[in-house]
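# Structural characterization, general
What follows is each chain in one-letter form.
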Amino acid sequence: MSSLAVRKTAPAAGTRPGTAQGPPLRRRIALVPTLTLLLGALYCLLPVAWVAIAATKSGSELFSTFTFLPGSGFTDNLSDLNAYREGIYWQWMGNSALYAGLGALLSTAVSAISGYALAIYRFKGREAVFSVLMAGVLMPPVILAIPQYLLLAKADLADTYGAVLLPLVLSPYGVYLSRIYAAAAVPADVVEAGRMDGASEWRIFTRIALPMMVPGLVTVFLFQFVAVWNNFLLPFIMLSDDEKFPITLGLYTLLEQGSNTPALYTLVITGAMLAVLPLIALFLVIQRFWSLDLLSGAVKS
């Protein structure tokens, strides 16, 4: 009578029989990045949640109820904010849209041309120019604010829209990103093929290179828009007329007045909550360009 021999594998060294090996340990290790990202998301979203909830509270509820308990004064806060100084809050929002939209658009255009030139062309002093731009990335904005004000004051541009827009046109970090992306996305042989076909350098840039750089330029635009929208120091130094204030400086003036008039605190919080919404909407609209770029890369490969 024959019998079937059952082969048993010995447990791995350093483990006891019956214990799980391999995959469970890897799963536990894989949870670490996920938990880290969740903690980071919680750290970033908790202040936003506080602002959104605090905006629903009336002045009496703001300091007397539980922090994350919604209130009943959101519509009154919106009405008071809309009526404050004949709706100057919305003028501040419009100013921020002008500064951030036009400033980011001009900065992206300059970054695209500069980054493409630094990535494609070989000329004497190219690395020196790039090193100067990198030094600009490392330079704190507070150091440049006073010299910029003195220069613009000499040109009679202080306390004008141009005083805020002009310093934003050149973004060293935007030029850096554009150069890196142009070097990776625009093949040199494609540029050479355009030259052999008789296309001008400007036509090669606008018709061939620029469409390839669009996803990177969208990133530059988003970074610049958010940076300008949240900018406080430059408008604080350049502007004195509160009708030209962006939303950050306008809310700051409201907050200062709130020390004497506590009722304004609800307006500041409600205004801060509304000021976040355009950034969220912009990100949701722009992220489709990143998705399209990933899909097009998958199709090409």
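As a reminder, the structure under discussion sits directly above these lines.
Treat the numbers as computed from the prediction; the structure is a model and nothing was measured. (Residues numbered from 1 in each chain as written. Predicted model: local features only at pLDDT ≥ 70, side-chain atom pairs only at ≥ 80, totals over all residues. Heavy atoms only, no water.)

## Brief notes about the packing of helix 4 (residues 88-120) against helix 10 (residues 201-229)
Cut-off, in case you're wondering: Here an axis means a line fitted to C-alpha atoms, over the contact stretch when the element is a helix, while the angle between two N-to-C directions is reported on a 0 to 180 degree scale. In this text, helices come from DSSP runs of H or I with a minimum length of four residues, and strands from runs of E with a minimum of two, each type numbered from the N-terminal end. Note on angle classes: values under 35 degrees are labelled roughly parallel, values over 145 roughly antiparallel, values of 65 to 115 roughly perpendicular, and the remainder oblique. Crossing chirality is assigned from the near helix's rotation relative to the far helix, an anticlockwise turn below a right angle marking it left-handed and a clockwise turn marking it right-handed. Residue polarity is assigned by list, with Asp, Glu, Lys and Arg as charged and Ala, Val, Leu, Ile, Met, Phe, Trp, Tyr, Cys and Pro as nonpolar; anything else, Gly included, falls into the polar class.
Closest axis-to-axis distance for the helix 4/helix 10 pair is 7 Å, and the angle between their directions is 140 degrees. With respect to each other, helix 4 and helix 10 are oriented oblique. Here helix 4 and helix 10 pass one another in a crossing that is right-handed. Residues that form the contact of helix 4 with helix 10 fall into these classes: 21 nonpolar, six polar and no charged.

## Looking at the environment of Ala-227
Structurally, Ala-227 is set in helix 10. Here the alpha-carbon distance between Ala-227 and Ala-100, two residues 127 residues apart in the chain, equals 8.0 Å.

## With respect to the side chain of Ser-171
Note the cut-off: Note on contacts: a residue pair is in contact if any heavy atoms of the two residues lie within 4.5 Å.
Structurally, Ser-171 is set in the loop between helix 7 (161-165) and helix 8 (172-185). Ignoring any residue separated from it by four or fewer positions in sequence, one finds Ser-171 in contact with Ser-107, Ser-111 and Gln-224.

## Details of the layout of surface pockets
The criterion, for reference: Buried and open spaces are told apart on a 1 Å grid over the protein atoms alone, a cavity being a set of points where a 1.4 Å probe fits but cannot get out and a pocket being an open set with protein on both sides within 12 Å along at least five of seven lines. Residues with an atom within 4 Å of a point are the lining residues. Grid points are joined across faces, edges and corners, and a volume is the space filled by probe spheres set on the points.
Looking at the largest pocket, its volume works out to about 740 Å³. In terms of lining, the largest pocket is formed by 26 residues, of which the most central are Pro-141, Leu-144, Pro-167, Leu-170 and Pro-172. Listed by contribution, the elements that provide at least two residues to the lining of the largest pocket are helix 5 (126-138), helix 6 (141-154), helix 8, helix 10 and helix 11 (233-238). In terms of residue count, the dominant contributor to the lining of the largest pocket is helix 10 (five residues). Across the lining of the largest pocket, the residue classes break down as 20 nonpolar, six polar and no charged.

## Things to note about the packing of aromatic side chains
For the record, the criterion: Only the six-membered ring of Trp is used, alongside the rings of Phe and Tyr, when aromatic pairs are assigned; centres must lie within 6.5 Å, and planes under 30 degrees apart are stacked while those over 60 apart are edge-to-face, with the rest tilted. Two limits define a charge over a ring: the Lys NZ or Arg CZ must be within 6 Å of the ring centre, and within 35 degrees of the ring normal.
Scanning the entire structure with this criterion turns up 15 aromatic pairs. Ring pairing ties together the aromatic residues Tyr-116, Tyr-121, Trp-202 and Phe-205, which thus form one cluster. Of note, Arg-179 hangs over the ring of Phe-130, and the distance from its end group to the ring centre comes to 4.1 Å.

## Focus: the packing of helix 4 against helix 12 (residues 247-258)
With their axes 8 Å apart at the nearest point, helix 4 and helix 12 run at an angle of 150 degrees to one another. As far as their axial angle goes, helix 12 and helix 4 are roughly antiparallel. Contact with helix 4, carried on its side by Tyr-89, Trp-92, Met-93 and Ser-96, involves Ile-247, Gly-250, Leu-251, Thr-253 and Leu-254 of helix 12 and no other residues of that element. A per-class count over the contact of helix 4 with helix 12 returns six nonpolar, three polar and no charged.

## Comments concerning the pattern of salt bridges
This is how it is decided: Any carboxyl oxygen of Asp or Glu within 4 Å of a side-chain nitrogen of Lys or Arg constitutes a salt bridge here. Under the scheme applied here, a residue whose accessible area is under 20% of the maximum for its type counts as buried, over 50% as exposed, and between as partly exposed, the area being computed with a 1.4 Å probe on protein chains only.
Enumeration according to the criterion identifies six salt bridges in this entry. Of the charged contacts in the structure, one is a salt bridge between Glu-201 and Arg-195, with a shortest N-O distance of 2.9 Å. With relative accessibility at 28%, the residue Arg-195 sits in the partly exposed group. Each of Arg-126, Glu-127 and Arg-179 takes part in one network of salt bridges that share partners.

## Quick look at helix 8
Every α-helical turn comprises 3.6 residues, leaving residues that sit three or four positions apart pointing alike. Stated precisely, the cut-off is as follows: Given the number of residues in a helix, its expected span is that number minus one, multiplied by 1.5 Å. Summarising the geometry, the arc corresponds to the directions from the helix axis toward the C-beta atoms.
With 14 residues, helix 8 extends 20 Å from end C-alpha to end C-alpha; this agrees with the ideal 20 Å at 1.5 Å per step. Three or more residues of helix 8 are buried, namely Gly-174, Val-175, Ser-178, Arg-179 and Ala-182. Taken around the axis of helix 8, the buried residues stretch over an arc of 135 degrees, which confines them to a single face. Seen from the open side of helix 8, the exposed residues pointing more than 90 degrees away from its buried face are Ala-183 and Ala-184. In the core, the buried residues of helix 8 are packed alongside helix 4, helix 5 and helix 10.

## Quick look at unusual backbone geometry
The phi angle at Arg-85 is positive, at roughly 50 degrees, despite the residue not being glycine. The topology assignment puts Arg-85 in the loop between helix 3 (74-83) and helix 4. Phi angles above zero are rare outside glycine, and Glu-86 is one such case at about 60 degrees. Tracing the backbone shows Glu-86 in the loop between helix 3 and helix 4. Taking relative accessible area as the criterion, Glu-86 reaches 80% and is therefore assigned exposed.

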